[in-house]
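Fold and contact review
Next come the chains, spelled out residue by residue.
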Amino acid sequence: MHFVSTRHAAPPATLSAAIAAGLAPDGGLYVPEHRSQARQWQGQGQGQGQGSLVADAAAVLAPFFAGDALASHLPALCEQAFDFPAPLRALSTPGDHVLELFHGPTAAFKDFGARFLAASLARLQGGRDRPLTIVVATSGDTGAAVAAAFHRQPGIRVVVLYPDGRVSPRQAHQLGCFGDNIHALRVAGSFDDCQAMVKQALGDRELQARVPLSSANSISLGRWLPQMSYYAHAALTHHAAHGQHLNLVIPTGNLGNAMAAVLARAMGLPIGQIALATNANDVLPRFFQGEAYRPRHSVPTLANAMDVGAPSNFERLRWLHADDDDALRAGFRTAAVDDAAIRELITRRHASAGELFCPHTATAVKLLEQLRGEGVQGDWAVAATAHPAKFESVVEPLIGRAIEVPPALAALLQRPAHAEPCPPHYAALREFLLA
Ligand SMILES: *Cc1c(COP(=O)(O)O)cnc(C)c1O
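We now turn to the structure provided with this report. From a predicted model like this one, the values you see are computed outputs, not experimental measurements.

On to the layout of surface pockets, then. Estimated volume of the second largest pocket: approximately 320 Å³. Taken together, 21 residues form the lining of the second largest pocket, with Glu 100, Phe 102, Leu 356, Phe 357 and Pro 388 sitting closest to its centre. Secondary-structure elements contributing two or more residues to the lining of the second largest pocket are β3 (88-90) and β4 (96-100). Broken down by class, the residue content of the lining of the second largest pocket amounts to 13 nonpolar, three polar and five charged.

Listed below in structure tokens is the structure:
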């Protein structure tokens, strides 16, 4: 399969080339060359579902890898990247589930995509003599997942920029604790400053002639496509056991995780409705209620990994719906959940059912409660995107007790952490990259 840009001004690229590039040269996002190519699951057997996460991942990704140099590596890539589970667990309310995506090394779903990208780039980068520097701006979770995935990978250096004081204490610790080939820069500015600095570096040809650069942000095909795997596995397993499609509620920021579910459904996997929950950054809910699509500055919330004012994967959503916004609007339920509602939900569900959610997951649980209140039927799963222990400074005061830390996260928190201070100017980043 070949891939083209959502902005139609870049030549078709192979999968390997698209993964290596990240962003298409015209600034768009890579998508399959023909929209109909998304519908490829039929014929490979709806009857699957006895498979493991790794087997289902390889099956769902195979059409996208067909004919590419990475195709023969696909089973090994899946085995290497998905070596932790994504269990579907029942909640106390009948028919409701959580799909736990936080059992990876940094306790958030981004571990899946970051590890798959790292495994892919390791194979694509093999044999190059000059090291590749991956620069990534993070509002918290992306940087840690990318750092963990590339830690001690030969031929790769990672530089992570994060807004000093605006990530949770444990997020900050995770970013600074790797060392070796991972460099954390705590920037005296906002996430937008960090992102602008990274964009400037990626567009600086003179710099790139001396320091080969790449990025690992959520629009990269190498992170986006593999996120289909856990939805495919959960839906196939659920369908095999209950004969029912699985409906999904997904906490959404840049729309990458949700777009992976949308693509998996388009392929023909047994996924029913998909509902999108945001925090107070309500660009998407406004669009789905009929307003024009209008990006705006993000506001800080308790669900900081979703503080996005211009969801980058919206271009992919429009592409899949042939740029027909009315058809697009008809297909999704959305809601914006503000900080007060996040707090209320976390507190109440813990008190009534002993259930614990991170602030991101809480937005989706809230939307599911609203849907049930309207009488919506069927089996639903909320994508639980991070472990609540990662956001202990939000969750613990609400529930009045300490949260047990999962072993992988505990191991990271025991390491010493160090981040370099960095002023919010491109010149400072450039100097660091050249040093
Ligand atoms: C990144 C992130 C999200 C948002 O995912 P998108 O793909 O950007 O929509 C939600 N929850 C958590 C915990 C995250 O880290």
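It is worth spelling out the pairing of strand β12 (residues 379-384) at this point. Judged by how many residues are buried, β12 sits mostly within the fold: six of six residues are covered. Because side chains alternate across β12, one face comprises the buried residues Asp 379, Ala 381 and Ala 383, and the other comprises Trp 380, Val 382 and Ala 384, equally buried. As paired strands, β4 and β12 are joined by five bridges and run parallel to one another. In the sheet register, Leu 99 faces β12, and the bridge partner there is Ala 383. Bridge count for strand β9 (residues 246-251) against β12 is four bridges, and the pairing is parallel. Residue pairing for β12: Asn 247 is matched across the bridge by Trp 380.

With that settled, consider the packing of aromatic side chains. Taken as a whole, this structure holds 11 aromatic pairs when the rule is applied. Residues Phe 112 and Tyr 230 carry aromatic rings whose centres are separated by 4.7 Å and whose planes lie at 50° to one another, so their mutual orientation is tilted. You can see Phe 112 sitting in helix α4 (residues 110-125) and its partner Tyr 230 sitting in helix α10 (residues 228-242), a full 118 residues away along the chain. Here the two residues Phe 112 and Tyr 230 agree in accessibility, since each one is buried. Ring-pair connections join several aromatic residues into one group, and the members of that group are Phe 65, Phe 82, Phe 84, Phe 112, Phe 116, Tyr 230 and Tyr 231. One Lys or Arg, Arg 316, reaches over the ring of Trp 224 and ends 4.1 Å from the middle of that ring.

Trans is the prevailing form of peptide bonds, just as negative phi is the prevailing case for residues other than glycine. Of note, the phi angle at His 8 is positive, near 60°, even though the residue is not glycine. Assessed through its relative accessible area of 66%, His 8 is described here as exposed. Positive phi, normally seen in glycine, also occurs at Ala 107, with a value near 65°. Its location among the elements puts Ala 107 in the loop between β4 and α4.

This paragraph deals with helix α15 (residues 339-353). For α15, built from 15 residues, the straight-helix expectation of 21 Å at 1.5 Å per residue is met to within 8% by its first-to-last C-alpha distance of 21 Å. Restricting attention to buried positions, one finds in α15 the residues Ala 341, Ile 342, Leu 345, Ile 346, Arg 349 and His 350. The buried residues of α15 occupy an angular sector of 150° when projected down its axis, which confines them to one face. In α15, the exposed positions that point more than 90 degrees away from the buried face belong to Ala 340, Ala 351 and Ser 352. Lining the buried residues of α15 we find α16 (359-373) and α17 (392-399). A positive phi of about 70° marks Gly 354, the residue just after α15.

Thresholds applied
- Within any chain, residue numbers begin from 1 and follow the written order of that chain's sequence.
- With the structure being a predicted model, the display of local features is reserved for residues of pLDDT at least 70 and the display and counting of side-chain atom pairs for 80 or more, all residues being used for whole-chain, interface and lining totals.
- Excluding hydrogens and water, the side-chain figures rest on all heavy atoms present in the structure.
- Two kinds of site are reported from a 1 Å grid over the protein atoms alone, namely cavities, where a 1.4 Å probe fits but cannot get out, and pockets, open sets with protein on both sides within 12 Å along at least five of seven lines, and residues are called lining when an atom falls within 4 Å of a point.
- Grid points are joined across faces, edges and corners, and a volume is the space filled by probe spheres set on the points.
- Secondary structure counts use DSSP, requiring at least four H or I residues in a row for a helix and at least two E residues in a row for a strand, with both numbered from the N terminus.
- Basically, the charged four are Asp, Glu, Lys and Arg, the nonpolar ten are Ala, Val, Leu, Ile, Met, Phe, Trp, Tyr, Cys and Pro, and anything else, Gly included, counts as polar.
- The buried label goes to any residue with under 20% of its type's maximum accessible area, the exposed label to any with over 50%, and the partly exposed label to all in between, with areas taken from a 1.4 Å probe on protein chains only.
- Strand pairing is defined by DSSP finding a minimum of two bridges between the two strands.
- Between the rings of Phe, Tyr and Trp (Trp by its six-membered ring), a pair exists once the centres lie within 6.5 Å; its type follows the angle of the planes, with under 30 degrees stacked, over 60 edge-to-face, and the other angles tilted.
- We call a charge positioned over a ring when the NZ of a Lys or the CZ of an Arg lies within 6 Å of the ring centre and within 35 degrees of the ring normal.
- How far a helix is expected to stretch is found by multiplying one less than its residue total by 1.5 Å.
- Here the arc refers to the directions that run from the helix axis out to each C-beta atom.
- A contact between two residues is defined here by any heavy atoms of the two lying within 4.5 Å.

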